[in-house]
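Listed below, chain by chain, are the residues.
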Amino acid sequence: MPYDSGCDPQKDARGKLPKSFTTPWSELAMTRTCTCIYHFLVLSWYIFLNYYISQKGGRDQQKSKIFLNGGQWKHLTFLNLLLQAIFYGVACMEDVLKRIKGEKDIKFMTAFRDLLFTTLTFPISTFVFLSFWILFLYDRELVYPKALDGIFPVWLNHAMHTSILPFTLAEVILRPHCYPQRKKGLTLLALASLAYISRVLWIYSETGTWVYPVFAKLSPVGLTAFFSLSYIFNASIYLLGEKLNHWKWGDTMQPRKKRK
């Protein structure tokens, strides 16, 4: 896979770049075109999902009840779908601008794309996939009661909770991403987690109902432990993404603020 990132590649002991970073221009152009098409198709898919859910939620009385007390944006699943649409929109824009202006003129866009993917898009989508299916297989009533089967089609459940992982892993394989300093990345992820937890607690304080049934089963101490373990789990996923990026692309990524 050709080099396609805003980070600085590391040379080997002989002062040469990895083979993946010295690909002929024709192959690089073809790869960029295919990547752009892929990003556009995934973006279209996420736009469709967000639109479909919002429209059905407004017309279907049963779904409207589910979205009471905070709307659909109280659920991490739907927030993740919006986040994915935003990321792939940024990725598509970066693809197009790169072809028009060149890499040097859109470094900010590339940096933003990488920061968004590494600190939020990959960790949150993977967290949603793993946490949902772990709880679902343990006791689905804790996260996705059986009554929802008659409201949300099976394909939509998998679109919201299953397909998100393959798309995210494909992005890891398609191109290298420049990870920020680990402290910065984990701090941004912590702030995002704290913001969502604050919203969950605020909704409960205002309505007396929990976003997910599993929260109602826990004591205050249990909730604190649950939220703490959730962040540790999310941080572990962040580190996994960093490892996957290293596994696929090697020691090629340097944090931007250390560039000279």
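Identification of the protein as Androgen-dependent TFPI-regulating protein isoform X1 from Zalophus californianus is taken from an unreviewed UniProt entry. As stated in UniProt under Subcellular location (unreviewed entry), the record for the protein gives "Endomembrane system". UniProt, in its Sequence similarities (unreviewed entry) section for the protein, records the words "Belongs to the AIG1 family."

> So what's going on with the overall build of the protein? Which residues, and what values?
Assigned secondary structure in the protein consists of 9 helices and 0 strands. When its helices and strands are written in sequence order, the protein yields α-α-α-α-α-α-α-α-α. Relative to its full complement of 260 residues, the protein shows a buried share of 45%. Taking all contacts inside the protein whose residues are at least 6 apart in sequence as the whole, residues at least 24 apart take part in 79%.

> Just give me the short version of the packing of aromatic side chains, but keep the residues and values in it.
Scanning all chains against the criterion turns up 22 aromatic pairs. Among the aromatic side chains, those forming a connected cluster through ring pairs are Y46, F87, Y88, F117, F122 and F167. Taking NZ or CZ as reference, K248 lies 4.3 Å from the ring centre of W249, over its face.

> Tell me about the packing of helix α4 (residues 107–139) against helix α5 (residues 154–161), and please be specific about residues and values.
Interaxial distance between α4 and α5 falls to 9 Å at its minimum, and their mutual angle equals 130°. In terms of their interaxial angle, α4 and α5 are classed as oblique. Across from V128, F129, F132 and W133 in α4, the residues of α5 making contact are N157, H158, M160 and H161. Residue classes in the contact of α4 with α5 are distributed as 5 nonpolar, 3 polar and no charged.

> Would you mind going over the environment of S228 in detail, with residue names and values included?
With respect to the element layout, S228 can be found in helix α9 (residues 220–249). Owing to a relative accessible area of 39%, S228 belongs among the partly exposed residues under this scheme. Between the C-alpha atom of S228 and that of S193, which follows or precedes it by 35 residues, the distance is 9.9 Å.

> Quick rundown of the packing of helix α3 (residues 76–101) against helix α6 (residues 164–174)? Include the residues and the values.
Two numbers describe how α3 lies on α6: the axes approach to 12 Å, and their chain directions differ by 30°. Here α3 lies roughly parallel to α6, going by the angle between them. Note that α3 runs across α6; the crossing there is left-handed. For the pair α3 and α6, the contacting residues are N80, L81, Q84, F87 and Y88 in the first and I164, F167, T168 and E171 in the second. The residue makeup of the contact of α3 with α6, split by class, is 5 nonpolar, 3 polar and 1 charged.

> How would you explain the state of the cysteines if you had to name every residue and give the values?
Cysteine pairs can be linked by a disulfide, which is a covalent bond between their two sulfur atoms. Counted by the stated rule, this structure contains 0 disulfides. Lacking any disulfide linkage, C92 is separated from the closest cysteine sulfur, that of C36, by 5.7 Å.

> Talk me through the UniProt feature "transmembrane region" (unreviewed entry) in the protein; I want residue IDs and the actual numbers.
The positions that UniProt labels "transmembrane region" (unreviewed entry) are, in the present scheme, residues 36–53, 114–135, 155–174, 186–204 and 210–233. For residues 114–135, the end-to-end C-alpha separation is 30 Å, with 100% helix and 0% strand making up the annotated structure. In residues 210–233, the share of helix is 75% and the share of strand is 0%. The end C-alpha atoms are 21 Å apart.

Criteria and thresholds
- Residues numbered from 1 in each chain as written.
- Predicted model: local features only at pLDDT ≥ 70, side-chain atom pairs only at ≥ 80, totals over all residues.
- Heavy atoms only, no water.
- UniProt positions renumbered as here; feature names shortened; annotations may be inferred.
- Helix = DSSP H or I, 4+ residues; strand = E, 2+ residues; numbered from the N terminus.
- Buried < 20%, exposed > 50% of the residue type's maximum accessible area, 1.4 Å probe, protein only.
- Contact = heavy atoms within 4.5 Å.
- Phe/Tyr/Trp six-rings, centres within 6.5 Å; stacked < 30°, edge-to-face > 60°.
- Lys NZ or Arg CZ within 6 Å of the ring centre and 35° of its normal.
- Axes fitted to C-alpha atoms, helices over the stretch in contact; angles between N-to-C directions.
- Parallel < 35°, antiparallel > 145°, perpendicular 65-115°, else oblique.
- Nonpolar A, V, L, I, M, F, W, Y, C, P; charged D, E, K, R; others polar.
- Left-handed = near helix turned anticlockwise from the far one by under 90°.
- Disulfide = S-S within 2.5 Å.

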